[in-house]
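Structural features, examined
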Amino acid sequence: MAAHQFILNGQTVSVEAPEDLSLLWVLRDVLGVTGPKYGCGVGVCGACTSHLDGEAFRPCIHPVGGLSGREVVTIEGLGAQGLHPVQQAWVDEDVAQCGFCQPGQIMAAVALLKKNAQPTDADIDAAMSDNVCRCGTYVRIRAAIKRAALLLRSGAGGG
Amino acid sequence: MADTLEPDATVSEGLDRRRFLTWVMASPTLMIAARLGLDVPEAEAAEPPEGATTALSLYLAVQTDGRVVTTLPRTEMGQGITTAVAMLVAEELDTALDQVDVRSAGADARWAIQLTGLSSTMRFLTGPLRAAAAEARARLVTAAALRWRVLAHTLATSHGVVSAPDGRRAGYGELAEDAARVLLPAVSSQPRPVSRFKLVGQPTGRIDARDIVTGATRYALDLDIPEALPTVVARPPTLRGTVQFVDDASARTMPGVVAVVPLGTGVAVVARTFGQALAARAALRITWTPGPASALSDADIRTRLRDGIGPRPLPPLFTTRTIEGRFDFPYLAHATMETQSCLARVQAGQAEVWLGAQDPKYAQREVARALGWELTPWRVTVHTIRAGGGFGRRFFTEAAVEAALVSRAIGRPVKLMWSRDDDMRHGHFRPASHHRILAYLGPGGRVLGWHHRAAIPTVELPHGFGDALTALAGEVLPKVTSAVFFALSQKLPYGFGWVSQELRDVAIPIPTASFRSVFTSQVGVSNEVFVDELARELQVDPVALRRERLTSNRLKAVLDKVATEGQWGRSLPPGVAQGVAVLEEWDSAIAHLVEVDVTGGTPRVLRIVIAADVGLPINPKGIEAQLQGAAVDAMSTTLSAGVHIDAGAVREGSFADYRWMRMKHVPSDIQVHLVRSDDRVGGVGELGYPSAAAALTNAIARARGSMPTRFPILDEGV
Ligand code: FES
Ligand code: FES
């Protein structure tokens, strides 16, 4: 078992874990970081979506080996002071129902807005269609992304 | 359904038709309990009932910090009940919404009804909640009056503070202890009139929103129970198969593995992490005995259901023409986003489970039974945890039973998770069904009768259904079987002459469960689709036909609303069409208008307009969310998501092949309009499914020129 060192939510962490153990279980079972959820374990639902070096990725299919020195951000690491504008937009639009998919949805949306400050409906479709919401909150997710884009452009927060 | 379940016509305060009782519970600070007073004559209603510790509906406590903690025998699964409950409490108690906490109670025999389903939470609890909060307010005011030696009626309340005309003020927290000792409130403890509501009825954001968006919300597997070990279960390829032989030699030697525990339902693997448990599970070599359905595939099931329909009955006199519709619905997996999961600790003859349960008492009983404690079920404590979706699946508690058994076997706490493919392929399903609808036409196109026969595999109803239905109906019902529930719930809201709807229970050894809207998800949907077919046959507009034949004014009102808002009949390009459908159920009425484009081969939903009459809309924002979500549920299961059975095994294993709607499939606009015919509280959770599915199907039929009869419509399989 090797030690793996990476940056998690701004802090360097070191964990003992087999190379091939997926990061989702390192986060949840070893480090107690439970924001990223298990929804499928095979990369098709988006419930675990987090960021790796600023890009959306799926910890459930990403082995912890090879993360050395790289930067992982989970929902817990977003908006270190107060809510990130995307989280704020999610509250304002009252997006969540059961909430289980929402950490992943929010992380996907933050990554989208980082690359594209003014996403069109088609951009949102393309970026968000790999995140399932069983409760069917898509209409509000879309509205929240548009609201967050406005908030970000007006310079509120910045997370 | 409304006809049968309405207990009486006396509307007290225009809000709740039932009586309820409140009383003070022994506690250092003010604590008020309430219950429905169904069985209590009015004259006694002011007195605490004999044995006040039994048959509770809910209770609330005012703490010394001024927070109000409300405890309910209900589970939050996303439907927004905690927010609606907090709003009612804040309203009647005159405190701020963020001062109210709402908790789910653990399994306890004292709760009259502890079941989250039947869209009944707010219908059951609004009355008792208002009564309890109003009672608490009266006692807080009285405590202040006694303290200040002034007349109670001169005092005012607002934002959790009692104030006197001379400017003295006291927070509820400061008064909470004195209020517990007030013998009789000196001001009225009647709930306020609905017309004076300030918060209830206003669109309000969820009280748990912040926790959700920061990842702070805890579901069962997120709880920090020391030393709880990750556990998964190897399950048979076929439904309800059993273990014949297991070779766990290599699995046991894999990294992180702590134990391998054989169970009746499969073989459990306990490890340091879920990743390791899943890897070791894959290394088990198990010989399985096929389950009882292993001779059955989709085609066989369809044949059995079709055979269950039987010959046509004789038509009514003067029938000149009979039109027939046949419909097939698939098995559905609930596919809650959070898979079945449970934390359990069994030690020293006691068990504790942490579970997102829709029926905690049933969980308690099942766990006790599995542990051989049928006679001492109180040794099992069920902590009811927020669930990541329910939809009927969490009436069943296999994960809790498995977790308890494994915990006992290894003498340590475990957190047991069903993998997504477990969740898709095992457990309980909304049953498949076959329907034959006959509409009898007489001279001049008169509709003389409507005969619907549905062949449906027996639905395993949750054990608490009987109690809950009994309370809703206000009378004791016989044992609530599929047939009883069918008869109670399936109504046709049209003046179509001689109407009969019959259930043919077909025994098929595939586990079933109720699903959002239960039988209506098939019977109600196919009726509304066939109403459109009837309109085509009679060459009349489907909205006009409904307007003419609907027997409910509430339905006519919501239909008119969607027709206006959705511009029914506006001109559309070829291949684009509108469809409508209606439903009255759970004391509520709803209509959907859906616009769909079929020019691309795969139908694309362009727009959905919904109008709903749910009586008093406690939280319009939450109602809108439920109706939007149910529309997506209906789109998914009508168009593309269905479960296939291959030789007793479920084919679908994840959201890759169980084709739930994604962002790109859902229109950016799902409008919800609320129509308010009175101030009764109607159900919402299931209301939005059936007519959404039917309106979508009707739109596709109109766009394509042929009525879909097999669901999901895009199913290219078998
Ligand atoms: S759990 Fe990672 S994508 Fe589903
Ligand atoms: S909010 Fe429940 S799955 Fe998205």
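What counts, and at which threshold
Residues numbered from 1 in each chain as written. Chains lettered and ligands numbered in written order. Predicted model: local features only at pLDDT ≥ 70, side-chain atom pairs only at ≥ 80, totals over all residues. Heavy atoms only, no water. Helix = DSSP H or I, 4+ residues; strand = E, 2+ residues; numbered from the N terminus. Rg over C-alpha atoms; globule rule 2.2 N^0.38 Å. Contact = heavy atoms within 4.5 Å. Pairing = 2+ DSSP bridges. Axes fitted to C-alpha atoms, helices over the stretch in contact; angles between N-to-C directions. Buried area = accessible area lost by both parts, 1.4 Å probe. Salt bridge = Lys/Arg side-chain N within 4 Å of Asp/Glu carboxyl O. Polar contact = N/O pair within 3.5 Å; in protein donor to acceptor, adjacent residues only side chain to side chain. Nonpolar A, V, L, I, M, F, W, Y, C, P; charged D, E, K, R; others polar. Domains from an automatic or database assignment. Phe/Tyr/Trp six-rings, centres within 6.5 Å; stacked < 30°, edge-to-face > 60°. Buried < 20%, exposed > 50% of the residue type's maximum accessible area, 1.4 Å probe, protein only.

Considering the overall build of chain A
Each helix and strand in chain A was counted, giving 5 helices and 5 strands. Overall, chain A shows an N-to-C arrangement of helices and strands of β-β-α-β-β-β-α-α-α-α. On C-alpha atoms alone, chain A measures out to a radius of gyration of 15 Å, which is about the 15 Å that the 2.2 N^0.38 rule sets for 159 residues. Dimensions of chain A, computed from the C-alpha atoms along their principal axes, are close to 45 × 30 × 25 Å. For chain A, the proportion of contacts with a sequence separation of at least 24, taken over those separated by at least 6, is 57%.

Considering the sheet that holds strand 14 (residues 321-329) of chain B
Residues and elements named next belong to chain B. Read across the sheet, 4 strands follow the order 14-21-22-23 without closing on themselves; strand pairing throughout is mixed. Looking at strand neighbours, the two that pair on one side only are strand 14 and strand 23 (498-506), the edges of this open sheet. For this sheet the average axis-to-axis angle between neighbouring strands, irrespective of direction, equals 10°. Here 9 bridges tie strand 14 to strand 21 (residues 433-441), and the two strands are oriented antiparallel to one another.

Quick word on the interface of chain A and chain B
Chain A puts 50 residues into the contact, and the matching count from chain B is 60 residues. Summed over both sides, the interface of chain A with chain B buries roughly 4,300 Å², with 61% coming from carbon and sulfur. Counting the contacts that link chain A with chain B gives 4 salt bridges. Between E624(B) and R140(A) there is a salt bridge, with the nearest N and O atoms lying 2.6 Å from each other. At the surface where chain A touches chain B, the tally comes to 25 residue pairs in polar contact (both at pLDDT 80 or more). Here the residues of the side of chain A that touches chain B sort into 27 nonpolar, 11 polar and 12 charged.

Some remarks on the domain arrangement of chain B
All names here are of chain B. Domain boundaries assigned for chain B yield domain 1 (10-214), domain 2 (220-291 + 340-417) and domain 3 (433-715). On the side of domain 2, 14 residues touch domain 1, which itself brings 19 residues to the contact. Carbon and sulfur atoms make up 52% of the surface buried where domain 1 meets domain 2, a total of about 1,200 Å² over both sides. Inspection of the domain 1/domain 2 interface yields 1 salt bridge. Two residues, D208 and R386, come together in a salt bridge whose shortest N-O distance is 2.9 Å. Where domain 1 touches domain 2, the interface holds 8 residue pairs in polar contact (both at pLDDT 80 or more).

Side note on the packing of aromatic side chains
In this description, a pair of aromatic rings is defined by centroid distance and the angle of the planes. Residue and element names in this part refer to chain B. With the rule as written, the count across this model stands at 15 aromatic pairs over all chains. Summarising the aromatic geometry, the rings of Y59 and W111 are spaced 5.7 Å apart at their centres and angled 10° between planes, so their arrangement reads as stacked. With Y59 in strand 3 (residues 58-62) and W111 in the loop between strand 5 (100-104) and helix 3 (121-148), this pair connects stretches of sequence that are 52 residues apart. With respect to burial, Y59 and W111 carry one shared label: buried. Aromatic side chains Y658 and W660 sit 5.9 Å apart centroid to centroid with 35° between the ring planes, which places their arrangement in the tilted category.

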